[in-house]
Amino acid sequence: MRMVVLPGDGIGPEITSATTQVLKAASEHFQLGVQIEEHPVGHSSLKQFGTTVQPRLLEIARAADGLILGPTATFDFKNEQSGEINPSKYFRKNLDLFANVRPACTYLGLRNPLGDFDLVVVRENTEGFYADRNMEQGNGEILVTPDVVISLRRITRLCCERIAKSACQLAMRRNKHLTVVHKANVLKIGDGMFLDICRETAKGFPGLVVDDILVDAMMAHVVRNPNRFDVIVSTNMFGDILSDLTAELSGSLGLGGSLNVGEGHAMAQAAHGSAPDIAGQDVANPFSLILSMALLLAWHGERKGAARFEEAARAVEGAVATAIKTGRATRDVGGKLGTIATGEAIVELLRSGGN
C-alpha cells in the first residue's frame, strides 16, 4: 500500500508524526507493506514553493492508495491567485471525495453523563454552503457592495443521490437505522430535494428504518439521547457542525476520526483544526488522526478484499480504546502523556497485542 502523508500546519506535523509511527507499527505487525511518501502542504509549502499545494501533488495523490492530511491553517489562506489554496478543499474537490464519514463513540475510562453511544455522521462533502468548492470557477460568495454579501448554496441531484446511497449502505452494515438531518421546512427546495432523494434511495434497501429530523431539533436530541441514533446523513455544513458536536460528546474533539471517500480515492483527516496556540508544545491529542488513518486502512482493505488491513484497523482502534481506559493518553482525555508519548503508547499496544 502506497500512502501519501501531508503533515500540514500548527499541530499538524506533531500529530502526523505520531500517526505515521502507528501506521509503520501496524504495517509491520500485520504485514501490510505500507510505503510512506511525505510532502509539505500549507505554510511550509508556501514558503518553499510559493503555493500551499504544489500542482504535482494531485497526480501523486491519484496514483497512491491513500492520503493522510494533517490539519492546515485554512483560515489563513484567502487568495488562491497568490498560491494560498485550502489543501482540504483542494483534495476533496479534485479527487471528488464526496462522502465525509465521521464516527463517534464513547470510551471506557472517560466519564460520559449521556451514557454509551456509537454512531456515524455521513456528510456530503463537495457542495452546499461551502463557497470555496461549490462552483466550477469562482466563488459562491459575492460582495455586492461593501456592506452586502450574498452566499450561494449549491444542491444537486447527483450529490444527494450518491451521499444517500453511501449512508444507506453503511447503515445496512450496522444496525439498519438511518436518520436524515435537514431544514426542509425553511429550505424547501434544496433540503426538500435532499430529503426526498434520501427517502427514495432508502426504499432500495429492504429492512432499513428511516427517520428524519430538522437540524435545529437534532442538536437538542443528540445531546439528550445520542444512543437513539446510528447512521446520520446530512448536507455539507449541517453535517460538519453536527459531527463536531458528536465527537465532543464522545469525550473530546480530539477523538473525532474522519475519512473523506470517493469512488476510487480516500483521504484520512482529523476532524479538528491546526490549533496554532498549542503547536510545538507536545500536548496535542493525536487520536483523531490516528483513528482517521485506521478508517483509511479499513477502506483500503474492504476495497481490495484484503482482510489484514481491516484487522489492522480494528487493532489500532482497540489500542486507542485501551490507551484511554488505562490513562496512556493526552490530558484532554484523562491521561498525562504528551503527543509523542501517546503515539508511542499506541505503538507498544499494537506490538503487544493490545495489552
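How each quantity is defined
Residues numbered from 1 in each chain as written. Predicted model: local features only at pLDDT ≥ 70, side-chain atom pairs only at ≥ 80, totals over all residues. Heavy atoms only, no water. Helix = DSSP H or I, 4+ residues; strand = E, 2+ residues; numbered from the N terminus. Rg over C-alpha atoms; globule rule 2.2 N^0.38 Å. Buried < 20%, exposed > 50% of the residue type's maximum accessible area, 1.4 Å probe, protein only. Contact = heavy atoms within 4.5 Å. Areas by Shrake-Rupley, 256 points an atom, 1.4 Å probe, with all protein chains shown as cover. Lys, Arg positive; Asp, Glu negative; His and termini not counted. Charge placed at Lys NZ, Arg CZ, Asp CG, Glu CD. Core = buried A, V, L, I, M, F, W, Y, C linked by side-chain atoms within 4.5 Å. Axes fitted to C-alpha atoms, helices over the stretch in contact; angles between N-to-C directions. Parallel < 35°, antiparallel > 145°, perpendicular 65-115°, else oblique. Left-handed = near helix turned anticlockwise from the far one by under 90°. Nonpolar A, V, L, I, M, F, W, Y, C, P; charged D, E, K, R; others polar. Pairing = 2+ DSSP bridges. Salt bridge = Lys/Arg side-chain N within 4 Å of Asp/Glu carboxyl O. Phe/Tyr/Trp six-rings, centres within 6.5 Å; stacked < 30°, edge-to-face > 60°. Lys NZ or Arg CZ within 6 Å of the ring centre and 35° of its normal.

Remarks on the overall build of the protein
(1) Moving on: On a plain count of helices and strands, the protein comes out with 11 helices and 12 strands.
(2) Moving on: Its C-alpha atoms give the protein a radius of gyration of 20 Å, near enough to 20 Å, the size a compact globule of 355 residues would have.
(3) Moving on: A principal-axis box enclosing the C-alpha atoms of the protein has dimensions of 55 × 50 × 40 Å.
(4) Moving on: Each of the 355 residues in the protein was classed as buried or not, and the buried ones make up 54%.
(5) Moving on: Pairs at least 24 apart in sequence give 72% of the contacts found in the protein among residues at least 6 apart.
(6) Moving on: Here the protein displays about 15500 Å² of accessible surface, and carbon together with sulfur accounts for 52% of that area.
(7) Moving on: Of the charged side chains in the protein, 36 are positive and 40 negative; the average position of the first set lies 3 Å away from that of the second.

With respect to the nonpolar core
(1) Moving on: Core analysis: the biggest nonpolar cluster contains 47 residues, and Met 3, Ile 68, Phe 287, Leu 296, Leu 297 and Ile 346 have the highest contact counts within it.
(2) Moving on: When contributions to this core are tallied by element, the ones reaching two or more residues are β1 (2-6), α1 (12-30), β11 (259-261), β12 (266-269), α9 (287-304), α10 (307-325) and α11 (339-351).
(3) Moving on: At 10 residues, the largest contribution of residues to this core is made by α9.
(4) Moving on: Residues in contact with Leu 297, not counting those within four places in the same chain, are Met 1, Met 3, Leu 23, Leu 32, Phe 309, Glu 310, Ala 312 and Ala 313.
(5) Moving on: Residues Ile 155, Phe 194, Leu 195 and Ala 202 belong to the second largest nonpolar core, which totals 25 residues.

Here we look at the packing of α1 against α9
(1) Moving on: At their nearest, the axes of α1 and α9 sit 9 Å apart, and the two run at 40° to each other. Taken together, the axes of α1 and α9 lie oblique to each other. When you trace α1 past α9, the crossing you get is right-handed. Contact with α1, carried on its side by Ile 15, Thr 16, Thr 19, Val 22 and Leu 23, involves Leu 289, Ile 290, Met 293 and Leu 297 of α9 and no other residues of that element.
(2) Moving on: A per-class count over the contact of α1 with α9 returns seven nonpolar, two polar and no charged.

Structural notes on the sheet that holds β12
(1) Moving on: Within the open sheet, the 10 strands sit side by side as β2-β1-β3-β12-β11-β4-β5-β10-β8-β9. Their pairing is mixed. Each edge of the open sheet carries a strand with a single partner, namely β2 (35-38) and β9 (209-214). Within this sheet the neighbouring strands show an average axis-to-axis angle of 25°, counted without direction.
(2) Moving on: With seven bridges joining them, strand β4 (residues 99-105) and strand β5 (residues 118-124) adopt antiparallel strand pairing. Of the residues in β5, the one forming a bridge with Asn 100 is Arg 123.
(3) Moving on: In the packing of helix α3 (residues 56-63) onto the sheet, the strands contacted are β1, β2 and β3 (66-69), and the crossing angle to β1 comes to about 145°.
(4) Moving on: Along the sheet, helix α4 (residues 87-94) makes contact with β1, β3, β4, β5, β11 and β12, crossing β12 at roughly 155°.

Side note on the pattern of salt bridges
(1) Moving on: Counted under the stated rule, the structure contains 16 salt bridges.
(2) Moving on: The salt bridge involving Asp 118 is made with Arg 174; its shortest N-O contact spans 3.4 Å. Of this pair, Asp 118 sits in strand β5 while Arg 174 sits in the loop between α5 (157-173) and β8 (177-182); the two residues are 56 residues apart in sequence, bridging distant segments of the chain.
(3) Moving on: Under the relative-accessibility criterion, Asp 118 is labelled partly exposed at 43%.
(4) Moving on: For Arg 174, a relative accessible area of 27% puts it in the partly exposed group.
(5) Moving on: Here Arg 154 ties to Glu 127 by a salt bridge, and the two come within 3.1 Å at their closest N and O atoms. Of this pair, Arg 154 sits in the loop between β7 (148-151) and α5 while Glu 127 sits in the loop between β5 and β6 (141-145), and the two are 27 residues apart along the sequence.
(6) Moving on: Among the residues examined, Glu 127 registers a relative accessible area of 2% and is labelled buried.
(7) Moving on: Bridged by salt links that share partners, the residues Arg 102, Arg 123, Asp 240 and Asp 244 form one connected network.

Some remarks on the packing of aromatic side chains
(1) Moving on: A full pass over the atoms with the stated rule returns one aromatic pair.
(2) Moving on: Seen in terms of ring centroids, Tyr 90 and Phe 91 are 5.2 Å apart; in terms of plane orientation they differ by 90°. Their pairing is edge-to-face.
(3) Moving on: Given the relative accessible area of 14%, Tyr 90 is considered buried.
(4) Moving on: Residue classification places Phe 91 among the buried residues on the basis of a relative accessible area of 0%.
(5) Moving on: Across from the ring centre of Phe 75, 4.2 Å away, lies the NZ or CZ of Lys 78, which sits over that ring.
(6) Moving on: Here the basic side chain of Arg 123 rests over the ring of Tyr 130, its NZ or CZ set 5.3 Å away from the ring centre.

Re the pairing of β3
(1) Moving on: Across the two faces of β3 the burial is the same, with Gly 66 and Ile 68 and Leu 67 and Leu 69 all buried.
(2) Moving on: Where β1 meets β3, four bridges bridge the pair, whose relative direction is parallel. Bridge assignment links Val 4 to a residue of β3, and that residue is Leu 67.
(3) Moving on: Inspection of the sheet shows β3 paired to β12 by three bridges, in the parallel sense. Residue Leu 69 lies in a different strand from β12, and its bridge partner there is Gln 269.

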